[in-house]
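# Summary of the model geometry
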Number of protein chains: 2
Amino acid sequence: MPHASYKRLEEWFRRISALTDAGAILQWDLATMMPKGGARGRADQLAVLKALRHSLLCSLEVAQLLDAAGADVSLDDWQRANLEEMRRAHVLASAVGQPEVEALSRASSACEAAWRDARAESDFSIVRPSLEALVPLVRATAEARAKALGLDPYDALLEEYEPGGRAAEIDPIFARLGEALPPLLTAVLERQAEAGPPPEFRGPFPIEAQRRLAVQFMERLGFDFHHGRLDVSLHPFCGGTPDDVRITTRYDEQDFRPALMGVLHETGHALYERGLPREWRGLPVADARGMVLHESQSLLIEMQVCRSRAFLAFAAPLIRATFGGSGPAWEAEALYRHYARVEPGLIRVNADEVTYPAHVILRYRLEKALLAGTLKVADLPGAWAEGMRDLLGITPPDDRSGCLQDIHWYDGAFGYFPTYTLGAIAAAQLFDAACRAEPGLTEGIAAGEFAPLITWLRTHVHSQGSSKSTREILIAATGRPLDAEAFVTHLERRYLG
Amino acid sequence: MPHASYKRLEEWFRRISALTDAGAILQWDLATMMPKGGARGRADQLAVLKALRHSLLCSLEVAQLLDAAGADVSLDDWQRANLEEMRRAHVLASAVGQPEVEALSRASSACEAAWRDARAESDFSIVRPSLEALVPLVRATAEARAKALGLDPYDALLEEYEPGGRAAEIDPIFARLGEALPPLLTAVLERQAEAGPPPEFRGPFPIEAQRRLAVQFMERLGFDFHHGRLDVSLHPFCGGTPDDVRITTRYDEQDFRPALMGVLHETGHALYERGLPREWRGLPVADARGMVLHESQSLLIEMQVCRSRAFLAFAAPLIRATFGGSGPAWEAEALYRHYARVEPGLIRVNADEVTYPAHVILRYRLEKALLAGTLKVADLPGAWAEGMRDLLGITPPDDRSGCLQDIHWYDGAFGYFPTYTLGAIAAAQLFDAACRAEPGLTEGIAAGEFAPLITWLRTHVHSQGSSKSTREILIAATGRPLDAEAFVTHLERRYLG
């Protein structure tokens, strides 16, 4: 009875999904609610959930059921896609043996801890031995997965964050950005220098008022507080589950603008999670497709929509009403100029959308070289400084603002960085397609009407879940696979238009 | 290598404990933070954690390791106690087969849902069929456990909440209360009628101020916010884990007194959890001994300490300072009289400590009769009304204020009720012993010095974990097993002294 096998797999994967969801809520709690003294116990809880999830995923029973269900001709398209995602998850998890998984996990934890010290001291040499121990384990994982999946090692790592992602498709896109962005940046900086800085205002802006404003925009965009929350954490994120989406921000009493835009960014992630296909909840086919589309949804809301003149024309009066502000600094145009400020800097997370790709391209190059062994860990700080000089013309004065700034790598995450910029590019391509498909979209945004856009995203992206590949979803939604053209056009229009 | 078996068991049970702890945090989140739309997913998460925990506990590997470790002569006292607790948990969980566990779980969920409707409608007939389906399953569980443990069926149910609890020990204690309390209640009510009601004050009392005051007392009592939190939930509880203790309360803007005493009650639970033996964390021997000692710790703090004249003399000035109150209603004596108010009522959770035991004795009789089959579910409302008339001289006008008031039974919990009153009795006996052992304790409390009391409780109760039985802990701490004498003396002194 092949269909019985498929049904058994559904049950099995629903249990795995419940464990994943439990871990997501515990992770959210750790970042928002947990007293510091709970850290040790929480690490144990998360580790046990992860290990149980892994052993359920790799079990012999799953392997046998996958074989049996593969012969099931009665499956419809979504069931077949679901089965493929189950197989993918099983193969990915089974590619590496339990001892290797544990060794990598231990080395990552040790390296992450050393990185915290190293960053505090701004001294790469503190973390160097740990990273030297970690990189070969990551490489071994990449090679084991590459063998199981029939991929290049780097692509096998990408597969964890962006299923179907391939360096061969990333390279030409990043090459195009490498050509287009430097002259664009020069032109933007000249233009900005001519215009002078936008008018400034001064705080304080009470946190309760900032929160109220953020909630107002979240609701307007369609965030459903019956199925979600907004809280505070040191590093903003979107967590939880599709039926219980939890986004966070951090407030600065002296400037409401970063938290506001941060919340709008996370709201983009949240709308994606919430829009995943409800009838397939708890099954792999209902998961978010990957980090490229996830990041595209947050950046579409933040960069394409909320930093636009249209949105800020709608937002400015609400912002003024919230804080009781008046004068030129509170006009939509001043907010727009603030949010469109471009400035090459050393820190990725503070970068604007014109310079952000350079940060990613640097990391993409370096992580590939580290894994290939053509760059030694010991040479990382030098290679970093050289890359920053080449790409943005600035040199980090210390390790903290250089190769120690990001947690990735030190916690074992290689193959993650490209998804940020691929997401920005996908955001531009999707928004461009939405504007073509729905005339009057921009005018609607200026009037605070987001339903046509959100409905389009639900239909073409969110509700697709993992039923198709990122490439297929993009082709169906925009008429072509991912390329940098819409993104470059967007940057030219916004910053030089 | 028998010692290797013991060590393997420790690893195994640490994983089980991590799952339990994960569930505790998710349960806390459900009650305090979760948006309503997360309910369905959360139920799945908790069910999967529970099932995994159960299968780890019942596994053949555990059974084999328990056998091997049983022969290990190298174990010290605590290791041996730990092993016994592991065996107890394994036997208790294994006594009932997986299909029976699931049937009971499903019937409990269905009955609980029906109870919510029945209570809303105040109509027992709505839940009757579900309870009629549930009781035989509870009985079958009790019988299966009784067989595995060599106990009477009711004792086998007690075993889940109060290991070592026996009806044969409860009966004489409840009989003594049945004799002593009715004349005492009559005398107290006469005394109160003569004195008239205490002076009253009016709110509102801002919630933020109530919370600040509660936190002040919590800290004073030794609650460690580095390892715990105070939040809001509909039904106050103490949850979380020993290193991350989470208590809740609910605030009434018109009266600060219920929330304040509620927080102090939960703080008693929290101090117990926090004081469990740290070096054995994650192992059964470090678990709270049972519900009797747990309830004794909350009631010791609430009833013995915080409703006393000594404590309220210390508390009154802080309360006045918090709310800016003045006048007779704000004096310590008025607060004392408020908190010592006795009034027979229909609702257990609103009962004072003089009438509370009657509520418990009624439920104890009825649940034993339901399980023995001498009381039919259909006859429950009538038996309830009759019992209330006998015990407290009042008759519920409807099912809502009668047999539908508590969730217990309807969610499958039989054998739980007696622990409330046994806890109150143990609280009196322990506090009496502490006062004898530490002269000046009461004077210290009046000065806000709680360290001597908390240290005594840590030493004699908290840090014992489950290394001994409740009976052994009580004998070591107070010189005798549980009896009602200290409790009766306490009531006489407080209400007639």
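Residues numbered from 1 in each chain as written. Chains lettered and ligands numbered in written order. Predicted model: local features only at pLDDT ≥ 70, side-chain atom pairs only at ≥ 80, totals over all residues. Heavy atoms only, no water.

The name an unreviewed UniProt entry gives chain A is Metal-dependent carboxypeptidase, with Candidatus Defluviicoccus seviourii as the organism. Quoted verbatim from the Function (unreviewed entry) field of UniProt, the annotation for chain A is "Broad specificity carboxypetidase that releases amino acids sequentially from the C-terminus, including neutral, aromatic, polar and basic residues." (UniProt positions renumbered as here; feature names shortened; annotations may be inferred.)

### A short note on the packing of aromatic side chains
Each aromatic ring pair is described using two quantities: the centre-to-centre distance and the angle formed by the ring planes. Residue and element names in this part refer to chain A. Counting across every chain of the model gives 52 aromatic pairs over all chains. Note on Phe-174 and Tyr-364: the rings are 5.1 Å apart at their centroids and 80° apart in plane angle, and the pair reads as edge-to-face. A residue pair is termed long-range when its members are at least 10 positions apart, and Phe-174 in helix H8 (residues 167–195) and Tyr-364 in helix H14 (residues 356–372) qualify at 190 residues. Here Phe-174 matches Tyr-364 in class, with each residue buried. (Phe/Tyr/Trp six-rings, centres within 6.5 Å; stacked < 30°, edge-to-face > 60°. Helix = DSSP H or I, 4+ residues; strand = E, 2+ residues; numbered from the N terminus. Buried < 20%, exposed > 50% of the residue type's maximum accessible area, 1.4 Å probe, protein only.)

### Describing the interface of chain B and chain A
Contact residues are listed per partner, giving 30 residues for chain B and 30 residues for chain A. Where chain B abuts chain A, roughly 2300 Å² becomes buried across the two surfaces, and 69% of that area is made up of carbon and sulfur atoms. When residues of chain B are sorted by the area they lose upon contact with chain A, Met33(B), Pro35(B) and Gln45(B) head the list and together hold 20% of the total. Inspection of the region where chain B meets chain A yields four salt bridges. We note a salt bridge from Arg246(A) to Asp29(B), for which the minimum N-O separation is 2.7 Å. Across the chain B-chain A interface, the total number found is eight residue pairs in polar contact (both at pLDDT 80 or more). (Contact = heavy atoms within 4.5 Å. Buried area = accessible area lost by both parts, 1.4 Å probe. Salt bridge = Lys/Arg side-chain N within 4 Å of Asp/Glu carboxyl O. Polar contact = N/O pair within 3.5 Å; in protein donor to acceptor, adjacent residues only side chain to side chain.)

### Topic: the UniProt feature "active site" (unreviewed entry) in chain A
All names here are of chain A. In the numbering used here, UniProt assigns the "active site" (unreviewed entry) feature to Glu-266. In this fold, Glu-266 is placed in helix H10 (residues 257–275). Taking the relative accessible area as the measure of exposure, Glu-266 reaches 7% and is therefore buried. Filtering out sequence-adjacent residues up to four positions away, Glu-266 remains in contact with Pro-236, Phe-237, Cys-238, Ile-247 and Thr-248.

### Focus: the UniProt feature "binding site: Zn(2+)" (unreviewed entry) in chain A
Residue and element names in this part refer to chain A. Annotation from UniProt places "binding site: Zn(2+)" (unreviewed entry) at His-265, His-269 and Glu-295. In terms of the greatest pairwise C-alpha distance, the residues named above, spread along 31 residues, form a tight cluster of at most 9.1 Å across. Looking at the secondary structure, you find His-265 in helix H10. The exposure class of His-265 is buried, given its relative accessible area of 12%. Excluding anything up to four places from it in sequence, His-265 contacts Glu-295, Ser-298, Leu-299 and Glu-302. Turning to its location among the elements, Glu-295 is positioned in helix H11 (residues 291–306). Under the relative-accessibility criterion, Glu-295 is labelled buried at 8%. Contact partners of Glu-295, with chain neighbours within four places excluded, come to His-265, His-269, Thr-419, Tyr-420 and Gly-423.

### Re the relation of the copies chain B and chain A
Between the two copies of the chain lies a relationship made up of a rotation around an axis and a movement along it. Overlay of chain B on chain A (RMSD 0.0 Å): rotation 180°, translation along the axis 0.0 Å. One copy is carried onto the other by what is essentially a two-fold rotation axis. For chain B, the smallest separation between a C-alpha atom and the rotation axis is recorded for Leu26(B), amounting to 3.6 Å. Here 100% of the contact residues of chain B are again contact residues in chain A; the copies associate through an equivalent surface. (Least-squares fit on C-alpha atoms with pLDDT ≥ 70 in both.)

### A short note on unusual backbone geometry
Cis geometry is adopted by the peptide bond preceding Pro204(A), which originates at Gly203(A) and carries an omega value of 0°. Within the secondary structure, Pro204(A) sits in the loop between H8 and helix H9 (207–221). Unlike most non-glycine residues, Ser122(B) shows phi in positive territory, near 55°. Assignment of secondary structure puts Ser122(B) in the loop between helix H5 (98–121) and helix H6 (124–149).

### Things to note about the environment of Thr489(A)
Within the fold, Thr489(A) resides in helix H20 (residues 485–496). Taking relative accessible area as the criterion, Thr489(A) reaches 31% and is therefore assigned partly exposed.

### Focus on the sheet that holds strand E3 (residues 244–249) of chain A
Residues and elements named next belong to chain A. Pairing in this open sheet of three strands is mixed, and the strands run E1-E3-E2 from one edge to the other. On the outer flanks of this sheet lie strand E1 (228–232) and strand E2 (238–241), each paired with one strand and no other. Direction aside, neighbouring strands of the sheet carry axes that sit 20° apart on average. In this structure, E2 lies alongside E3, joined through four bridges in antiparallel fashion. Pairing of Thr-241 across the sheet is with Asp-244, part of E3. (Pairing = 2+ DSSP bridges. Axes fitted to C-alpha atoms, helices over the stretch in contact; angles between N-to-C directions.)

### Looking at the domain arrangement of chain A
Residues and elements named next belong to chain A. When its domains are assigned, chain A resolves into domain 1 (2–161) and domain 2 (163–497). The interface is formed by 46 residues belonging to domain 1 together with 57 residues belonging to domain 2. When the two sides are added together, the surface that domain 1 and domain 2 hide from each other amounts to roughly 4400 Å², 67% of it contributed by carbon and sulfur. Of all residues in domain 1, the largest losses of buried area upon contact with domain 2 belong to Trp-78, Tyr-154 and Tyr-161, amounting jointly to 20% of the total for that side. At the boundary of domain 1 and domain 2, one finds two salt bridges. (Domains from an automatic or database assignment.)

### So, the nonpolar core
Judged by nonpolar contacts, the single largest core of 119 residues is most densely connected at Phe311(A), Ile319(A), Leu380(A) and Tyr410(A). The two domains that each donate at least three residues to this core are domain 1 (2–161) and domain 2 (163–497) of chain A. Once you skip the residues sitting within four places of it in the chain, Leu380(A) turns out to touch Phe124(A), Leu131(A), Leu366(A), Leu370(A), Leu375(A), Cys403(A), Trp409(A) and Tyr410(A). In terms of nonpolar packing, the next biggest core, distinct from the first, is built from 118 residues, Leu131(B), Leu404(B), Tyr410(B) and Phe417(B) among them. (Core = buried A, V, L, I, M, F, W, Y, C linked by side-chain atoms within 4.5 Å.)

### Section: the pattern of salt bridges
Evaluation of the coordinates by the stated rule reveals 60 salt bridges over all chains. Glu85(A) is paired through a salt bridge with Arg88(A); the nearest N and O atoms lie 3.2 Å apart. Separated by three residues within a single helix, Glu85(A) and Arg88(A) lie in helix H4 (residues 77–94), roughly one turn from each other. Here Glu112(B) and Arg116(B) are joined by a salt bridge, their closest N and O atoms 2.7 Å apart. With Glu112(B) and Arg116(B) both in helix H5, this residue pair falls four residues apart, about one helical turn. With relative accessibility at 23%, the residue Glu112(B) sits in the partly exposed group. The exposure class of Arg116(B) is partly exposed, given its relative accessible area of 46%. It is possible to trace a salt-bridge network through shared partners that takes in Glu85(A), Arg88(A), Glu159(A), Arg166(A) and Arg289(A).

### Here's the deal with the sheet that holds strand E1 (residues 228–232) of chain B
Within a sheet, adjacent strands bond to each other through the backbone by hydrogen bonds, running parallel or antiparallel. Residues and elements named next belong to chain B. Pairing is mixed in the open sheet, where three strands are placed in the order E1-E3-E2. This sheet does not close on itself; its edge strands, each paired only once, are E1 and strand E2 (238–241). Here the strands of the sheet are splayed against their neighbours by 20° on average, with no regard to which way each runs. Pairing of E1 with strand E3 (residues 244–249) involves five bridges; the strand directions are parallel. Within E3, the position partnered with Arg-229 by the bridge is Arg-246. Of the strands in this sheet, E1, E2 and E3 are in contact with helix H10 (residues 257–275), which crosses E3 at around 165°.

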